[in-house]
Amino acid sequence: MAYEGIITRIGKEKLTEMLRRMLEIRGFEEKIRFLFLEGEMPGTIHQYIGMEACAVGVCSVLEKGDVIASTHRPHGHAIARGLSMDAMMGELYGRATGCCMGKGGSMHMGDLSKGMLPAIAIVGGNIPVVTGMALAFKLRNERRVAVSFFGDGASNEGAFHEGLNMAAVTKAPAVFVCENNLYGASTSIKRALKIENIADRALSYGIRGDIADGMNVLDVYEHAKEAVDRARSAEGPTLLELKTFRLCGHSRRDPNNYMSDEEKEEWKNKDPLPYFENILKNNEIFTGEEIADIKQSVERSVEKAIEFGKGSPEPDPADIRKGLYVTMEVPE
Amino acid sequence: MRMGIAEALRKAIHDEMERDKSVFCIGEDIGIPGGYGGAFTVTLGLEKDFRERIIDTPISEAGIFGAACGAAIMGMRPIADVQYGDFLFCAMDQVVDQIAKLRYMSGGKLKVPVVMRAPVGVTGRGAQHSQNLESYFMSCPGIKIVAPATAYDAAGLLKSAVRDDDPVLMFEHKLLYGSKGIRAESGSIDASSDIPEDDYTVPIGRGIIRREGQDITVIGSLLMMHFSLQASQMLEGVGISCEVIDPRTLWPLDLELILGSVKKTGRVVIVEESPKQGGVGAEIGMQIAENIPDYLLAPVTRVAAPNTPAPFSPTLEKLYVPQPERIADTIKRLIEEY
């Protein structure tokens, strides 16, 4: 049977958590998309639909002390890292109960106490920061790993170059996860890169490059595990490219008119959720009925989170000047 | 012991690294055996005592400041430096978008205790190794800015910066370092002080009156503090009594000290080495104009560089940087007119 080995290695408990997290991301994103289009939610959103296997596959191999950093598209990473959907929804509504007390919003979702830096929404911006977090672990001889998530577009930024090179020369325990979803906003990767695999760029830093199927959570898990284990054992950083696709727009109200119908159809058929569900059913981990139960439970959690967010208090007007400096009030 | 700024900073960094294992230095050419100890010898020899914690990097400013940011968030106390302040622009996203904003974006949940060191000053190197960048960062909430004019303040402020839980950017002046050997700087001004052997700090946010006077307040930091003192000495002969203030910290400004002095004298000249447009003087001057308009006997006045990049020609450079004579002339004219 396909995937029997890895399924056994991961075990039912973890597989359940992985499926649940992927379903949570999908359910969360689909709901808030609706809330945004209805005009009920403020701000803007960049969604993770179709890429669930990437965040969940990587975060499933991490330990409590590890830390991740994300991008302007952070909802999936936040759920995969275990942030509460209530606190995330509070943040999306800009309420005082949000994981960043309403100061961050969609693009800065995160909570360091849960192992996720508030997301950095400048493309490529988190990469040197992750190198620094890993460097701190190394300087203190801690067996912790820092993981940077970024997209194909970020690999053309200077920060990518500087961050990876610095991690390479300092042998920092970092993993650089490039979610290659083939488009930087509306621009095809073919217009922005002359190489097929972003992982090949690892060669120019003298670090390990690797590629996994970003639509298959088990493949992501296996490759991420190797990269994270190596980083933890002081064997240096890895650039791990995940081949994936957005099954949604770049940002709110983007209808993806720059993608062909064939391309959309092709990737829709690779949707990571039914793919993973089928593997679990074929390996008799879950019945269809059990999966339906999980889906219902996830739906209830998302509904509950929305109620929590909507019902949360607005920030206090005095909060605007709070939380900037540790040691002083904001000067006038 | 008598020390120049470079030596005093070296001792302060050494003290802090000895005191706290989470302190480390990261920068270019800072600890290469046989090298310079950074562009102006500040870290010279520190690698002998702290090999693991003096991190020499590739030429990679965004990498340096990004790494300092990440390490600080994870509980370290990095001291990151650039060889010339101008290179901070290469790291601008890391400094302004990450270091300055991450705490606020997190809802006040994390800390980014980074110390950033940057040499400034117009010193015979043309437009790209000369800029005084203070005003760029004074318009960026989230960072404290210090600018010591003496060795005593440099060491004391460095220690305060390392122990501060917020990001602190320290501007140091190339002509004030007192660097020796192959990195000695021509045209240097003596900024040395007696540095106590015992631990001390200079608080961030506190300026100092360098010279007491009655007729006019002159405000200048770094090299401009020394030139302002020279100008006030020149004016002594013609019976003009200047009060010279060294802000030492540019953000948060010591408004109590500044406003108190201007209330007393009724006149103020702000001296800065950078172009007048959108400068340090604009902020300090408006603080005075907004807060104590009724005390002003004369318009708030600035002496600054022209609104151009720094020229190379030594003749033009001397016209560019406010010289003690130009400062004295402006003060004299102001006293005569008002």
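Throughout, residues of each chain are indexed from 1 in the direction in which the sequence is written. As a convention, the first chain written is A and the first ligand written is 1, with the rest following in written order. Note on the predicted model: pLDDT of at least 70 is required for a residue's local features to be given, and 80 or more for side-chain atom pairs to be given and counted; whole-chain, interface and lining totals, by contrast, use all residues. With hydrogens and water set aside, each side-chain value is computed from the structure's full complement of heavy atoms.

Looking at the overall build of chain B
Helix and strand definitions follow DSSP, with helices as H or I runs of at least four residues and strands as E runs of at least two, each counted in order from the N terminus. Per the secondary structure count, chain B includes twelve helices and 14 strands. By the compact-globule yardstick of 20 Å for 338 residues, chain B fits well, its C-alpha radius of gyration being 20 Å. With the C-alpha coordinates aligned to their principal axes, the bounding extent of chain B is approximately 60 × 50 × 40 Å. Between buried and exposed lies partly exposed: a residue is buried under 20% and exposed over 50% of the maximum accessible area for its type, with that area taken using a 1.4 Å probe on protein chains only. Relative to its full complement of 338 residues, chain B shows a buried share of 64%. To get the radius of gyration, use the C-alpha atoms; to get the globule rule, take the number of residues to the power 0.38 and multiply by 2.2 Å.

Focus on the packing of aromatic side chains
Within 6.5 Å between ring centres, the rings of Phe, Tyr and Trp (the latter by its six-membered ring) count as paired, and their orientation is classed by plane angle as stacked under 30 degrees, edge-to-face over 60, tilted in between. This model, assessed by the stated rule, comprises eleven aromatic pairs over all chains. Ring geometry for Y183(A) against F245(A): centres 6.3 Å apart, planes inclined by 75 degrees, an arrangement best described as edge-to-face. Of this pair, Y183(A) sits in strand β4 (residues 183–184) while F245(A) sits in the loop between β7 (238–243) and α10 (261–268), and the two are 62 residues apart along the sequence. Both residues of the pair, Y183(A) and F245(A), count as buried. Relative to F171(B), the ring of F137(B) lies with its centre 6.1 Å away and its plane at 50 degrees, an arrangement referred to as tilted. Placement of the pair is F137(B) in helix α6 (residues 134–138) and F171(B) in strand β7 (residues 168–173), with a sequence separation of 34 residues. Each member of the pair, F137(B) together with F171(B), is buried. Put simply, the rings of Y183(A), F245(A), Y258(A) and W267(A) touch in pairs and so form one group of aromatic residues. By the criterion adopted, a ring carries a charge over it if an Arg CZ or a Lys NZ lies within 6 Å of its centre and within 35 degrees of its normal. Over the ring of W267(A) we find K270(A), and its NZ or CZ is 4.0 Å from the ring centre. The residue whose ring lies beneath R183(B) is Y36(B), and the NZ or CZ to ring-centre distance is 5.1 Å.

Notes on the domain arrangement of chain B
Residues and elements named next belong to chain B. As annotated, the domain borders come from an automatic or database domain assignment. Taken as a whole, chain B is organised into domain 1 (2–194) and domain 2 (208–337). One C-alpha centre belongs to domain 1, the other to domain 2; they are set 26 Å apart. Every contact between the two is made by 31 residues of domain 1 and, on the other side, 28 residues of domain 2. When the two sides are added together, the surface that domain 1 and domain 2 hide from each other amounts to roughly 2,200 Å², 65% of it contributed by carbon and sulfur. By buried area we mean how much accessible surface two parts lose on assembly, using a 1.4 Å probe and totalling the loss over both. A per-residue breakdown of the area domain 1 buries against domain 2 is headed by V122, M138 and A147, which together make up 27% of the total. Definition used for salt bridges: Asp or Glu carboxyl oxygen within 4 Å of a side-chain nitrogen of Lys or Arg. Here domain 1 and domain 2 share two salt bridges between them. Here D153 ties to R210 by a salt bridge, and the two come within 2.6 Å at their closest N and O atoms. At the level of secondary structure, the elements contributing two or more residues to the side of domain 1 that touches domain 2 comprise α6, β6 (144–146), α7 (151–163) and β7. Under the grouping applied here, Gly and all other residues not named as nonpolar or charged are polar, the nonpolar ones being Ala, Val, Leu, Ile, Met, Phe, Trp, Tyr, Cys and Pro and the charged ones Asp, Glu, Lys and Arg. A class-by-class count of the residues in the side of domain 1 that touches domain 2 yields 16 nonpolar, nine polar and six charged. Contacts between residues were defined by any pair of non-hydrogen atoms, one from each residue, lying within 4.5 Å.

Remarks on unusual backbone geometry
Here W251(B) and P252(B) are connected by a cis peptide whose omega angle stands at 0 degrees. The topology assignment puts P252(B) in the loop between β12 (249–251) and α9 (255–265). The backbone phi angle of A185(A) is positive, close to 55 degrees, even though this residue is not glycine. Not every positive phi belongs to a glycine, and R248(B) is a case in point at roughly 60 degrees. Relative to the helices and strands, R248(B) resides in the loop between β11 (242–246) and β12.

Overview of empty space enclosed by the protein
All names here are of chain B. Lining residues are those with an atom within 4 Å of a point, where the points come from a 1 Å grid over the protein atoms alone and group into cavities, where a 1.4 Å probe fits but cannot get out, or pockets, open sets with protein on both sides within 12 Å along at least five of seven lines. Grid points are joined across faces, edges and corners, and a volume is the space filled by probe spheres set on the points. Enumeration according to the criterion identifies five cavities of 30 Å³ or more in this entry. Looking at the largest cavity, its volume works out to about 120 Å³. Considering the residues around the largest cavity, the lining is formed by 16 residues, among which E134, S221, V271, E272 and E273 are closest to the centre. Among the elements that take part in the lining of the largest cavity, strand β13 (residues 268–275) stands out by supplying five residues, more than any other. Here the lining of the largest cavity is built from residues that sort into nine nonpolar, four polar and three charged. Approximately 80 Å³ is the volume attributed to the second largest cavity. Lining of the second largest cavity is provided by 15 residues; of these, G38, A39, F40, D81 and R117 occupy positions nearest its centre. Taken together, the residues of the lining of the second largest cavity sort by class into seven nonpolar, five polar and three charged.

Some thoughts on the interface of chain A and chain B
In this complex, chain A contributes 40 residues to the contact, which on the side of chain B involves 45 residues. For the pair chain A and chain B, the summed buried surface comes to about 3,400 Å²; carbon and sulfur atoms form 69% of the total. Linking chain A to chain B there are one salt bridge. Here D111(A) makes a salt bridge to K109(B), at a shortest N to O gap of 3.8 Å.

Focus: helix α9 (residues 217–232) of chain A
In this scheme, a helix's expected span is set at 1.5 Å multiplied by one less than its residue total. Between its terminal C-alpha atoms α9(A) stretches 21 Å, which fits the 22 Å expected from 16 residues at 1.5 Å a residue. At the C-terminal side of α9(A), A234(A) shows a positive phi close to 60 degrees.

Focus: the pattern of salt bridges
Residues and elements named next belong to chain A. Applying the stated rule across the entire model yields 46 salt bridges over all chains. For E222, the salt bridge identified is with R9, shortest N-O distance 2.8 Å. Here R9 lies in helix α1 (residues 4–10) and E222 lies in helix α9, a separation of 213 residues in the sequence. Judged by relative accessible area, R9 falls into the exposed class, the value being 60%.

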